[in-house]
Amino acid sequence: MSRGYNFSAGPSAMPEPVLRRAQAEMLEWGGQSASVMEISHRGKAFVAMTEKVEADLRRLLGISSDYAVLFLQGGATQHFAQIPQNIAAPDDTADYLLTGHWGVKALSEAKPYMRTNIVASGEAGKYTSVPDRSEWQLTPGAAYLHVTPNETIHGVEFETVPDIGDVPVVADFSSTLLSRPIDVSRFGLIYAGTQKNMGASGLTVLIVRNDLLARKPRPLANILSYSAHAKEHSLLNTPPSFPWYLTGLVLEWIDGEGGLTAMAARNRAKSELLYAAIDGSGGYYKNPVDVRYRSWMNVPFTLHDDALDTPFLKESEAAGLLALKGHKAVGGMRASLYNAMPLAGVQALVDFMGDFKNRHG
Ligand SMILES: Cc1ncc(COP(=O)(O)O)c(C=O)c1O
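Rules of the game
- Residues numbered from 1 in each chain as written.
- Predicted model: local features only at pLDDT ≥ 70, side-chain atom pairs only at ≥ 80, totals over all residues.
- Heavy atoms only, no water.
- Helix = DSSP H or I, 4+ residues; strand = E, 2+ residues; numbered from the N terminus.
- Rg over C-alpha atoms; globule rule 2.2 N^0.38 Å.
- Buried < 20%, exposed > 50% of the residue type's maximum accessible area, 1.4 Å probe, protein only.
- Contact = heavy atoms within 4.5 Å.
- Areas by Shrake-Rupley, 256 points an atom, 1.4 Å probe, with all protein chains shown as cover.
- Salt bridge = Lys/Arg side-chain N within 4 Å of Asp/Glu carboxyl O.
- Axes fitted to C-alpha atoms, helices over the stretch in contact; angles between N-to-C directions.
- Parallel < 35°, antiparallel > 145°, perpendicular 65-115°, else oblique.
- Pairing = 2+ DSSP bridges.
- Phe/Tyr/Trp six-rings, centres within 6.5 Å; stacked < 30°, edge-to-face > 60°.

Overview of the overall build of the chain
Right, on to step 1. Assigned secondary structure in the chain consists of 10 helices and 14 strands.
Right, on to step 2. Its C-alpha atoms give the chain a radius of gyration of 21 Å, near enough to 21 Å, the size a compact globule of 361 residues would have.
Right, on to step 3. When its C-alpha atoms are laid out on the principal axes, the chain stretches across 60 × 55 × 30 Å.
Right, on to step 4. Scored against the burial criterion, the 361 residues of the chain give a buried share of 53%.
Right, on to step 5. Sequence-distant contacts, at least 24 apart, represent 67% of the contacts inside the chain between residues at least 6 apart.
Right, on to step 6. Within the structure as shown, the chain displays about 15,500 Å² of accessible surface, and the carbon and sulfur contribution to it stands at 52%.

Right, here's the structure in full:
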């Protein structure tokens, strides 16, 4: 068996020790004489596991008791539509900052549920930057401001949201949560699918401030209501038990590697190595993103002649560098450098890029 360096945008590389541990525990888990997939989600052992996952996540991210943590299904896409139903009334206005593909999607899924306002959009610049705060047209008294701190397709990332007063900030952290420490208290609601930095696909984590949880802007079925899920500790119905368990293993792995500060140092170093190779290639490789907003997680790049895309992909795959094809909205290549990608993987990519340039000129 040979495992390559996997640059997939998601589902994406998992830490190898996590896969090995899941393999070792596959047939018998936690003294249950059965796999974690085969036991009741109402049993003591499973419930204790979910409590540990929540405690570990709270510790790693510094989540205070002002927030509930939910472990749900549906991916970020379902929550694009579910968030407005939970925290905005039909005659409210919600603000959306558009910095790429996913923010646009979030807005279109939210539109049926209230009025919406585009605060600012990076569309004119093909989503290669973040509109300056001075250009933002915020709605006074908005139900919330929605942002996408890391746009996975466009490779545009911003670390902090400027202070916007009392309006809660709702953030789609799908491709950046756990890649570094963040100040949770700056946000009203954080959400992310787990399939990038946090585990496998199938689980969606939401961190919701209690005052937003208490908003009841419209009648909702329990299954759509965040407060109903919180009351049942995310066990309102059968949860995705295996992905939940895997996220627990990933959190333990992050802890063992030195926590989010260590992840941040590693992720910064990996992205700097790749951007330096792109910028130092004399225009052979290019990344179009404003250097202030270049993503640590997803690095899109093009070759100087797109006729070279096919050989680049073929040869990189043969060299064990997997899933480098860019998203069709941007073209070219994209290297996703989530927590599980080691520096050695990025070094192998950079070496390959130099070698490819020498051979293809
Ligand atoms: C930033 C961002 N938001 C939302 C999504 C959609 O997530 P899902 O497919 O889990 O619904 C993705 C998927 O890649 C993403 O990167």
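Some words on the pattern of salt bridges
Right, on to step 1. For the structure shown, the criterion picks out 18 salt bridges.
Right, on to step 2. Across the salt bridge formed by Arg58 and Glu54, the nearest N and O atoms sit 2.9 Å from each other. Remark: Glu54 and Arg58 occur in helix H2 (residues 44-61); sequence separation between them is four residues, near one turn of the helix.
Right, on to step 3. For Glu54, a relative accessible area of 22% puts it in the partly exposed group.
Right, on to step 4. Salt bridges sharing partners connect three or more residues here, namely Arg21, Glu25, Lys52, Asp56, Arg59, Glu252 and Asp255.

Thoughts on the packing of helix H8 (residues 259-279) against helix H10 (residues 343-360)
Right, on to step 1. Taken N-terminus to C-terminus, the directions of H8 and H10 make an angle of 5 degrees; their axes are 9 Å apart at the nearest point. Relative to H10, the element H8 is oriented roughly parallel. Seen from H8, the contacting residues are Ala269, Lys270, Leu273, Leu274, Ala277 and Ile278; seen from H10, they are Leu343, Val346, Gln347, Leu349, Val350 and Met353.

Let's talk about the sheet that holds strand E3 (residues 93-98)
Right, on to step 1. The strand order across the open sheet built from seven strands is E2-E10-E9-E8-E5-E3-E4, with neighbouring strands paired in mixed fashion. Each edge of the open sheet is held by one strand with a lone partner, namely strand E2 (67-72) and strand E4 (115-121). Put simply, the sheet's adjacent strands are angled 15 degrees from each other on average, direction ignored.
Right, on to step 2. Across the sheet, H2 lies against E2 and strand E10 (204-209), angled at about 125 degrees from E2, the strand it touches most.

Some remarks on the packing of aromatic side chains
Right, on to step 1. One pass over the structure, following the stated rule, counts 15 aromatic pairs.
Right, on to step 2. Aromatic side chains Phe80 and Trp102 sit 6.5 Å apart centroid to centroid with 45 degrees between the ring planes, which places their arrangement in the tilted category. Within this pair, whereas Phe80 is found in helix H3 (residues 75-87), its partner Trp102 is found in helix H4 (residues 101-110), the two being separated by 22 residues in sequence.
Right, on to step 3. On the basis of relative accessible area, Phe80 is assigned to the buried category, the value being 2%.

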